[in-house]
Amino acid sequence: MKVPLLDLKPQYQSLKKEIDEAIQRVVDSQYFIMGPDVAKLEEEICNYLDCKKAVGVSSGTDALLLALMALEIQPGDEVIVPTYSFFATAGAVARLNAVPVFVDCDPVTFNIDPNKIEEKITSRTRAIIPVHLYGQSARMNEIMKIANKNNLFVIEDAAQAIGTQYKNGKFVGTIGDIGCFSFFPSKNLGGFGDGGIVTTNNEALGEKMRIQRVHGMEPKYYHKMMGGNFRLDALQAAVLRVKLPHLDSWSAKRRENADTYSKYFVEAGLATEEGMLVFDSQNKVLLPKAVYKTSGFKNHHIYNQYIIRVENRDSLINYLRQKEIGCEIYYPVPFHRQECFAYLKCKDEDYPVSNNAATSSIALPIYSELSNEQIKFVVDSIAEFMKAESK
Ligand SMILES: *Cc1c(COP(=O)(O)O)cnc(C)c1O
């Protein structure tokens, strides 16, 4: 049985008529840059996330770059980021010649560990970028407290977490100063190419980012400040507007799939009900834990990725690939070990949790249209592998 890591075709098929019409409408108008669909998407995202301003941009990466530019992060300024994330979180900081300062992650969620932030703060620190990794909120209360105490900005990298609610019910990306989202096709709300959006409850900051999105230009050909070409395509906005009303049901289906995985893993004797068996009890699987599940909000986790941990990760990957089961490592190399950040001279021993995550984590298929049979096949295959390994 083939189980791809992600298959976008069934989602498109289910909305084909509406999406094709939306695309055709933009093509007929020949209005490709900005325009009514971008403005409407921004309004709809504000309503959906309950925030004041949203500015559609060219990618999640550019969302981060624009946020840092709007907050006037200067060369030499330090910005605290988790060491375990997609490259863009740190890359955006380094591109401005600011200094990304890496913090280890929490062993349960893989999100930035708030207990390890304060020791990294110096007189040059200007901002913290928590990442809501895999679709679950970072510990925002603690992070906001540290930021307020030390007069730091908070930019939330919510690229993997559109629609996720924190335990206070707020949507991630609306808690700090600026939220950054990505519409990369594999995110829960994916476009037909690159795209992203920034959100804020600070009207002035929202207006500034709107201007910086087009080269800091206002009015036309008069440049108040530096910006870039950070625009979202009209075609992307049109597609995303068709998809947005379905986002919650897609994310609900991913949560259901996660529960189905847990059920099968427990039945196979590979995990306890809590999914929290540890490595030293041989052959066991560590399941992802939704830490805010009991807080009463359905969107406590949107499972952009479903990550399990196993000790013999690399041989499991080979085994699954032979069986045509898609899987991936998010992420094999934490920032402090990346070649491009060697100049920062990080101490590897400062990051034990991320180093461990990098060698033990594996993403399994979780997309909405996955069938229970496919999930069962994945779990059965892992059980088979574990049995063979323990001989
Ligand atoms: C996807 C992603 C980004 C970048 O988004 P793009 O749209 O691909 O530029 C940034 N941060 C995280 C955590 C991501 O997962």
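Residues numbered from 1 in each chain as written. Predicted model: local features only at pLDDT ≥ 70, side-chain atom pairs only at ≥ 80, totals over all residues. Heavy atoms only, no water.

Trainee: I would appreciate a short explanation of the domain arrangement of the protein in the present structure.
Mentor: Accessible area lost on assembly of the parts is the figure often given for the size of an interface. For the protein, the assigned domains are domain 1 (9-103 + 110-245) and domain 2 (246-390). On a C-alpha basis, the centres of domain 1 and domain 2 stand 26 Å from each other. Note on domain 1 versus domain 2: buried area summed over both sides is about 3600 Å², and carbon and sulfur give 61% of it. Area buried by domain 1 at its contact with domain 2 is led by Tyr84, Tyr134 and Asn188, which between them contribute 21% of it. (Domains from an automatic or database assignment. Buried area = accessible area lost by both parts, 1.4 Å probe.)

Trainee: How do you make sense of the site of the ligand when you look at a structure like this?
Mentor: Around the ligand there are 15 residues in total, and Gly60, Thr61, Asp157, Ser182 and Lys187 lie nearest to it. Between the ligand and Gln160, the relevant distance is 2.8 Å, taken from an oxygen atom to a side-chain nitrogen or oxygen of the residue. In this structure, an oxygen atom belonging to the ligand sits 2.6 Å away from a side-chain N or O atom of Lys187. Coverage of the ligand by the protein amounts to 93% of the 380 Å² it exposes when considered alone. Counting only elements with at least two residues in the shell around the ligand, the list comes to α3 (60-70) and α4 (88-95). Along the lines of polarity and charge, the residues of the shell around the ligand split into 5 nonpolar, 8 polar and 2 charged. (Near = heavy atom within 4 Å. Polar contact = N/O pair within 3.5 Å; in protein donor to acceptor, adjacent residues only side chain to side chain. Areas by Shrake-Rupley, 256 points an atom, 1.4 Å probe, with all protein chains shown as cover. Helix = DSSP H or I, 4+ residues; strand = E, 2+ residues; numbered from the N terminus. Nonpolar A, V, L, I, M, F, W, Y, C, P; charged D, E, K, R; others polar.)

Trainee: I keep staring at helix α7 (residues 234-243) and nothing clicks. Help me out?
Mentor: Structural remark: α-helix, 3.6 residues per turn; residues separated by three or four positions point the same way. The element α7 is largely enclosed, with a buried count of 8 among its 10 residues. Among the residues of α7, Ala234, Gln236, Ala237, Ala238, Val239, Leu240, Val242 and Lys243 are the ones counted as buried. Buried-residue contacts for α7 involve α1 (9-29), α2 (36-49) and α8 (247-267). (Buried < 20%, exposed > 50% of the residue type's maximum accessible area, 1.4 Å probe, protein only. Contact = heavy atoms within 4.5 Å.)

Trainee: How do you make sense of the nonpolar core when you look at a structure like this?
Mentor: One broad trend across soluble globular proteins is that nonpolar side chains are buried collectively. Grouped together as the largest cluster of nonpolar side chains are 33 residues, with contacts concentrated most on Leu68 and Ile178. Among the elements of the structure, β1 (53-57), α3, β2 (78-82), α4, β6 (178-182) and α6 (203-212) are those that each provide at least two residues to this core. When residues of this core are assigned to their parent elements, the largest contribution, 8 residues, is made by α3. Summarising the domain contributions, this core has at least three residues from each of domain 1 (9-103 + 110-245) and domain 2 (246-390). Leave out the neighbours within four places in its chain, and Ile178 touches Ala67, Ala70, Leu71, Val154, Ile155, Glu156, Gly173, Val198, Thr199, Leu205 and Met209. Core analysis: the next-biggest nonpolar cluster, separate from the first, contains 32 residues, Phe265, Leu316, Leu370 and Met386 among them. (Core = buried A, V, L, I, M, F, W, Y, C linked by side-chain atoms within 4.5 Å.)

Trainee: Help me understand α6, please; the structure alone is not making it clear to me.
Mentor: Along α6, the positions that sit buried rather than exposed are Leu205, Gly206, Lys208, Met209, Ile211 and Gln212. Looking at the buried side of α6, the elements it contacts are β1, α3, β6 and β7 (196-200). A side-chain oxygen of the first residue of α6 lies 3.0 Å from the backbone nitrogen of Ala204; this N-cap is Asn202.

Trainee: Help me understand the pattern of salt bridges, please; the structure alone is not making it clear to me.
Mentor: Once the charged atoms of two side chains with opposite charge are near each other, the side chains can pair. Summed over the entire model, instances satisfying the criterion amount to 23 salt bridges. Notably, a salt bridge pairs Glu324 with Lys2, separated by 3.9 Å at the nearest N-O pair. With Glu324 in the loop between α9 (313-322) and α10 (352-360) and Lys2 in the segment before α1, this residue pair connects regions lying 322 residues apart in the sequence. On the basis of relative accessible area, Glu324 is assigned to the partly exposed category, the value being 43%. For Lys2, a relative accessible area of 58% corresponds to the exposed category. Notably, a salt bridge pairs Glu21 with Lys17, separated by 3.2 Å at the nearest N-O pair. Linking Glu21 with Lys17, this pair stays in helix α1, spanning 4 residues, or about one helical turn. Overall, the relative accessible area of 46% leaves Glu21 in the partly exposed class. (Salt bridge = Lys/Arg side-chain N within 4 Å of Asp/Glu carboxyl O.)

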